[in-house]
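Spelled out, the chains give:
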Amino acid sequence: MSLYNFKKIVIVPTAKDFIDIVLSKTQRKTPTVVHKQYKISRIRQFYMRKVKFSQQTFHDKLSTILTDFPKLDDIHPFYADLMNVLYDKDHYKLALGQINIALHLIDNVSKDYVRLLKYGDSLYRCKQLKKAALGRMATIMKRQAQSLQYLEQVRQHLSRLPSIDPNTRTLLICGFPNVGKSSFINKITRADVEVQPYAFTTKSLFVGHTDHRYLRWQVVDTPGILDHPLENRNTIEMQAIAALAHLRAAILYVMDISEQCGHTIEQQVALFESIKPLFANKPLLVVLNKTDVIRLEELKPEQKTLIQGFINDDIPVMEMSTLSEEGVMAVKTEACERLLAHRIEVKIKSKKVEGILNRLHVAVPKPRDGVVRPAFVPENVIKQRLTKEPKPKKKTERDLEVELEDDYSLDLKKNYDLPADFKYDVIPEFWEGKNIADYIDPDIMAKLEELEREEELRIESGVYDKEEEEMDDEEKEIHRLAGKIREKKAIIAIESRIGRSGGAPVMPRAGRKRERSVSRLRSEFEELGVDMSNKSGAHFSRTKSRSASRPPIKKARADSTGRVSSSSRVTPRDQSGIRNVELKAKAKKMGHKAQGKMNQFGKAGEADRHIAVKMPRHLYSGKRGIGKTDRR
Amino acid sequence: MPQNEHIELFQKRYGFRMDYQERQRKKKAREHKLQSKMAQKLIGIKGKIFAKKRYSEKVQLKRTIKAHEEKKTRKKDEGKVPEGAMPAYLLDRENTSQAKLLSSMVKQKRKEKAGKWDVPLPKVRAQSEAEVFRVLKTGKSRRKGWKRLVTKVCFVGEGFTRKPPKYERFVRPMALRFKKAHVTHPELKATFCLPIVGVKKNPSSPMYTSLGVITKGTIIEVNVSELGLVTQGGKVVWGKYAQVTNNPENDGCINAILLV
């Protein structure tokens, strides 16, 4: 698995912390209480659990460390080489090996002591065995203190390495120290690399990203390389060498022709020759920097011939100056183009391209007949185009900006349609809820009068007269009825609003039987316009009784609105038994209070004693923390 | 500076806040308050660990203070002569006082009476049979109780094979059989893990010796060829006696002192 980003490695604690973490975890996560009067099997189980739990925890933590750290054989050779340079492959492997050994030792200790615990016949003995087991594991970890410390430092440094993707398009910048590599990368990318006059300002690899042809390009800045044999190189230079050796990138060899870096052109060319083997199979570009100081033509003839040597070897030489920014983009474009061409070439040569080419098919429409149909422009149009003078190009703000350079300032008010003296005045947009722009026009009153005149004319001429549509009788009838229905609805709504008296107790329906009387029915239907005069035989009318001598039926005394009232006036229930207004308020409040608790617990009534959850988990589980114990 | 050390880069370019140094100083000055608060608040196992750590810190502090103070004060050099120092012309004489002779005689007599030997642990607690053996009930209804399970650590030789299980009276479980002992050389103060050759004598009972039971005070014979000891005559010493100094059944290992 290739990781380009080593930020997810677990933190490696120091030996002391490691032991503390595991032992306190054992203490928290296993049962803590045992007495000597328990059955011996229970005591044994208790202590065996502790030993096994500690072993498990140690095992888990150590194995995550072992799996998280990258194996040097599994990652990209660039990163393997870089890690070798920075951390020493042997030391790294040894440290991880020691951790592995510790892991196995701890497992063995646990196995042995669990076996011994099976023969423990007293609490004291089991306890001593568990103490010995945990102590042994702790000593094993204490011996790993050095390895753990080293691995923690490696992890911190590893997580800070810049995330360089070894497989994507990359430009690699190399050369002597102080030639201007970091300035170059600062110019083309957003990487903020430190630029200082002393050598070896850049001490590690830096990465920046730039765009070309809608693709993302990685630009890698290396520390400067000095010209001495490989064995004498220090760690910083070795990083640059590792990058050169393993990244398939376009190489930009930067040279300082003004010799301000402290090395002559001859030395720089010598360095080039010595690291030439690293440039095999990679598109190469020699870049001459600091041309603002001295140009290529102004060089001495001997130096010119050296540079001519590059050109003779088919290596493109380009000039640029990072200070004055001339030629920087040209260099970038050239390098990108070369790399792109190279990558395409490589891809074509590889076997994978066969598979892609097999799947690609450019469809060309089949010609219907042999007639050629080129583009056709009539002659007159061509003539016209030639004689027409070119439209004058409108001067844009950008042109103005370019012209005036530093004197340019954006003036959005210069095209306003106002007289010059108050064009630049500062005015508000709204005032007293009205748009000021509506009132700015000097002829506004005249315009208003004109509009009004126009309006009068229109009204006179009858533009706004509504056309009376001729309705036939049916439609008229429908209209009338609709009006009546609306009216009735409104009346009902108003009546119901009046009728509703805020929760006053209402008599049950059975007591309101007398409301629905025949006379009421008759009066309501008359209102609606139904003819009720000769409805003597109807169902709703009372039929004549058989016997003549019947006692007179008690008729409900209805008032003008038809509402029935009983003979004795009964006080409504919320007023009965209460002497005055304060008592009434108090009684009401007591009623509300009693309701409140029932509502809160969702009780159906006073007698509801249902409990939804008999053993809520948060009260019946977990260990007791520090706190009072007078409550379950 | 590496590319992603943003904090350090910013600090390098723009420096610190105006009151940064002041704040750091004040924070440090407040640290003792936090420590004392922790010391009061923490209880239980965390409290114990914290107290232990703090105690060791305090001890270190006191030592350094004392060392500093010693340098400051000047002590009068009294020209002390250590006790028992003799002038050079008297060195060859052996001065044993009368009292010393008497006391050594008495001690010798006492030793012979008690049967103590000249070993690092002269007296050990005797282990009763109830301690060392546990009754194993066998038989179909688990009524027969003639078998015994050894509950202490034991050593069986290399070519050891059990008696047929039906007839073996003393069961020595495999978990309790040890082959190696951690032997300390009393003069070199170094400890080696040496293989056991045999059990020479168990002070509690000769039966234990024959069974190979190792308890505290047992004399065992260990293979010291690792140490490379050579006799006067040029022969290589490969076996030496050692006495067990811990309770192996409680610690899971046999610690012994070499008898030189």
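Rules and cut-offs
Residues numbered from 1 in each chain as written. Chains lettered and ligands numbered in written order. Predicted model: local features only at pLDDT ≥ 70, side-chain atom pairs only at ≥ 80, totals over all residues. Heavy atoms only, no water. UniProt positions renumbered as here; feature names shortened; annotations may be inferred. Salt bridge = Lys/Arg side-chain N within 4 Å of Asp/Glu carboxyl O. Helix = DSSP H or I, 4+ residues; strand = E, 2+ residues; numbered from the N terminus. Buried < 20%, exposed > 50% of the residue type's maximum accessible area, 1.4 Å probe, protein only. Axes fitted to C-alpha atoms, helices over the stretch in contact; angles between N-to-C directions. Parallel < 35°, antiparallel > 145°, perpendicular 65-115°, else oblique. Left-handed = near helix turned anticlockwise from the far one by under 90°. Contact = heavy atoms within 4.5 Å. Nonpolar A, V, L, I, M, F, W, Y, C, P; charged D, E, K, R; others polar. Phe/Tyr/Trp six-rings, centres within 6.5 Å; stacked < 30°, edge-to-face > 60°. Lys NZ or Arg CZ within 6 Å of the ring centre and 35° of its normal. pLDDT = per-residue confidence, 0-100. Expected span 1.5 Å × (residues − 1). Arc of directions from axis to C-beta. Pairing = 2+ DSSP bridges. Patch = residues over 30% accessible without salt bridge, like charges linked within 9 Å, V, L, I, M, F, W, Y side chains within 5 Å. Areas by Shrake-Rupley, 256 points an atom, 1.4 Å probe, with all protein chains shown as cover. Lys, Arg positive; Asp, Glu negative; His and termini not counted. Charge placed at Lys NZ, Arg CZ, Asp CG, Glu CD. Buried area = accessible area lost by both parts, 1.4 Å probe. Polar contact = N/O pair within 3.5 Å; in protein donor to acceptor, adjacent residues only side chain to side chain.

As annotated in an unreviewed UniProt entry, chain B carries the name Ribosome biogenesis protein NSA2 homolog and is attributed to Daphnia magna. Under the Subunit (unreviewed entry) heading, UniProt states for chain B: "Component of the pre-66S ribosomal particle." Taken verbatim from the UniProt record of chain B, the Function (unreviewed entry) comment is "Involved in the biogenesis of the 60S ribosomal subunit. May play a part in the quality control of pre-60S particles."

An unreviewed UniProt entry lists chain A under the name Nucleolar GTP-binding protein 1, from Daphnia sinensis. Under the UniProt heading Sequence similarities (unreviewed entry), the note attached to chain A is "Belongs to the TRAFAC class OBG-HflX-like GTPase superfamily. OBG GTPase family. NOG subfamily." Heading Subcellular location (unreviewed entry) of the UniProt record for chain A holds this comment: "Nucleus, Nucleolus".

Colleague: Describe the pattern of salt bridges, and please don't skip the residues or the numbers.
Modeller: All chains considered together, the criterion is met by 30 salt bridges over all chains. A:D313 serves as the salt-bridge partner of A:K276, at 3.9 Å between the closest nitrogen and oxygen. With A:K276 in the loop between α9 (265-274) and β5 (284-289) and A:D313 in the loop between α10 (301-312) and β6 (317-319), this pair connects stretches of sequence that are 37 residues apart. Judged by its relative accessible area of 44%, A:D313 is partly exposed. Between B:K152 and B:E249 there is a salt bridge whose closest N-O contact spans 3.0 Å. Placement of B:K152 in the loop between β2 (144-150) and β3 (170-171) and of B:E249 in helix α8 (residues 248-251) is noted, with a sequence separation of 97 residues between them. Classification of B:E249 as buried rests on a relative accessible area of 5%. Within this structure, A:R295, A:E297, A:E319 and A:E326 form a network of salt bridges that share partners.

Colleague: Describe the packing of helix α3 (residues 77-87) of chain A against helix α6 (residues 145-159) of chain A, naming the residues involved and giving the relevant values.
Modeller: All names here are of chain A. Closest axis-to-axis distance for the α3/α6 pair is 12 Å, and the angle between their directions is 130 degrees. Our classification of the angle between α3 and α6 gives oblique. Crossing hand, α3 versus α6: right-handed. Side by side, α3 and α6 meet where M83, L86 and Y87 of the first sit next to Y150, V154, H157 and L158 of the second. When the residues that make up the contact of α3 with α6 are grouped by side-chain class, the tally is six nonpolar, one polar and no charged.

Colleague: Tell me what's going on with the packing of aromatic side chains, and back it up with residues and numbers.
Modeller: Any two aromatic rings considered together are summarised by their centre-to-centre distance and by the angle between their planes. Scanning the entire structure with this criterion turns up 12 aromatic pairs over all chains. Here the aromatic rings of A:Y253 and A:F272 are separated by 5.1 Å at their centres, their planes lie at 70 degrees, and the arrangement is edge-to-face. Of this pair, A:Y253 sits in strand β4 (residues 250-256) while A:F272 is found in helix α9, placing the two residues 19 residues apart along the sequence. Both residues of the pair, A:Y253 and A:F272, count as buried. Plain terms: the ring middles of B:F16 and B:Y20 are 4.4 Å apart, the flat faces sit at 15 degrees to each other, and that makes the pair stacked. Its end group placed over the ring of A:Y38, A:R42 keeps NZ or CZ at 3.8 Å from the ring centre. Lying over the aromatic face of A:W217, A:R169 brings its terminal NZ or CZ to 5.8 Å of the ring centre.

Colleague: Run through the confidence of the model for chain B, naming residues and quoting values.
Modeller: For chain B, mean pLDDT is 88; residues scoring 70 or higher make up 92% of the total. Of the two predicted TM-score estimates for the complex, the pTM is 0.64 and the ipTM is 0.79.

Colleague: With reference to specific residues and values, describe helix α11 (residues 328-349) of chain A.
Modeller: Residues and elements named next belong to chain A. The end-to-end C-alpha distance of α11 is 32 Å, a good match for the 32 Å that 22 residues give at a rise of 1.5 Å each. Within α11, the full set of buried residues consists of V328, V331, K332, A335, C336, L339, L340 and R343. Down the axis of α11, the smallest arc covering the buried residues is 160 degrees, so these residues share one side. For α11, exposure combined with an orientation more than 90 degrees from the buried face picks out I348 and K349.

Colleague: A description of the sheet that holds β3(B) should follow, citing residues and the corresponding values.
Modeller: Residue and element names in this part refer to chain B. Spatial strand order, β1-β2-β3: three strands in an open sheet with mixed pairing. This sheet does not close on itself; its edge strands, each paired only once, are β1 (133-138) and β3. Note that β1 and β2 share five bridges and pair antiparallel. Bridge pairing in β2 places V135 opposite R148.

Colleague: Can you tell me about a negative patch on the surface, naming the residues and giving the values?
Modeller: Residues and elements named next belong to chain A. Together, E449, E452, E455, E456 and E460 give the surface a local cluster of negative charge. Its location among the elements puts E452 in helix α15 (residues 444-461). Overall, E452 belongs to the partly exposed group, its relative accessible area being 47%.

Colleague: Quick one: what's the story with the packing of helix α2 (residues 40-68) of chain A against helix α5 (residues 123-143) of chain A, residue by residue and with numbers?
Modeller: Residues and elements named next belong to chain A. Where α2 meets α5, the closest approach of the two axes is 8 Å, and the angle between their N-to-C directions is 10 degrees. Between α2 and α5, the angle falls in the class roughly parallel. Along its contact with α2, which presents I43, R44, Y47, K50, V51, S54, Q55, F58 and L62, the element α5 presents L123, C126, K127, K130, A133, L134, M137 and M141. Residues belonging to the contact of α2 with α5 are distributed by class as follows: 11 nonpolar, two polar and four charged.

Colleague: Break down unusual backbone geometry for me, citing the residues and quoting the values.
Modeller: The phi dihedral of A:F200 is positive, around 60 degrees, even though this residue is not glycine. As for its position among the elements, A:F200 is in the loop between α7 (181-188) and β2 (206-212). Here the phi dihedral of B:R142 falls at roughly 55 degrees; this positive angle occurs in a residue that is not glycine. Relative to the helices and strands, B:R142 is located in the loop between β1 and β2. By relative accessible area, B:R142 is classed as exposed at 53%.

Colleague: Hey, could you go over the sheet that holds strand β5 (residues 191-201) of chain B for me, with residue numbers and the actual values?
Modeller: Whether parallel or antiparallel, the strands of a sheet pair through hydrogen bonds between backbone atoms. Residue and element names in this part refer to chain B. An order of β4-β5-β6-β7-β8 is seen for the five strands of this closed barrel, with the pairing classed as mixed. The sheet shows a mean angle of 55 degrees between the axes of neighbouring strands, taken without regard to direction. Here strand β4 (residues 180-184) runs beside strand β8 (residues 255-258); their pairing, made up of three bridges, is parallel. Directly across from V183, in β8, lies its bridge partner A256.

Colleague: So what's going on with the interface of chain A and chain B? Residues and values would help.
Modeller: Of the residues lining the interface, 29 residues belong to chain A; the matching set on chain B comes to 24 residues. Between chain A and chain B, roughly 2200 Å² of surface is buried when both sides are summed, and carbon and sulfur atoms account for 48% of that area. The three residues of chain A that bury the most area against chain B are A:Y119, A:R125 and A:R160, which together make up 28% of that side's buried surface. For the pair chain A and chain B, the interface holds three salt bridges. Between A:E194 and B:K12 there is a salt bridge, with the nearest N and O atoms lying 3.1 Å from each other. Scanning the region where chain A abuts chain B turns up eight residue pairs in polar contact (both at pLDDT 80 or more). When residues of the side of chain A that touches chain B are assigned to their parent elements, the largest contribution, six residues, is made by α5(A). Class assignment of the residues belonging to the side of chain A that touches chain B gives a composition of 14 nonpolar, five polar and 10 charged.

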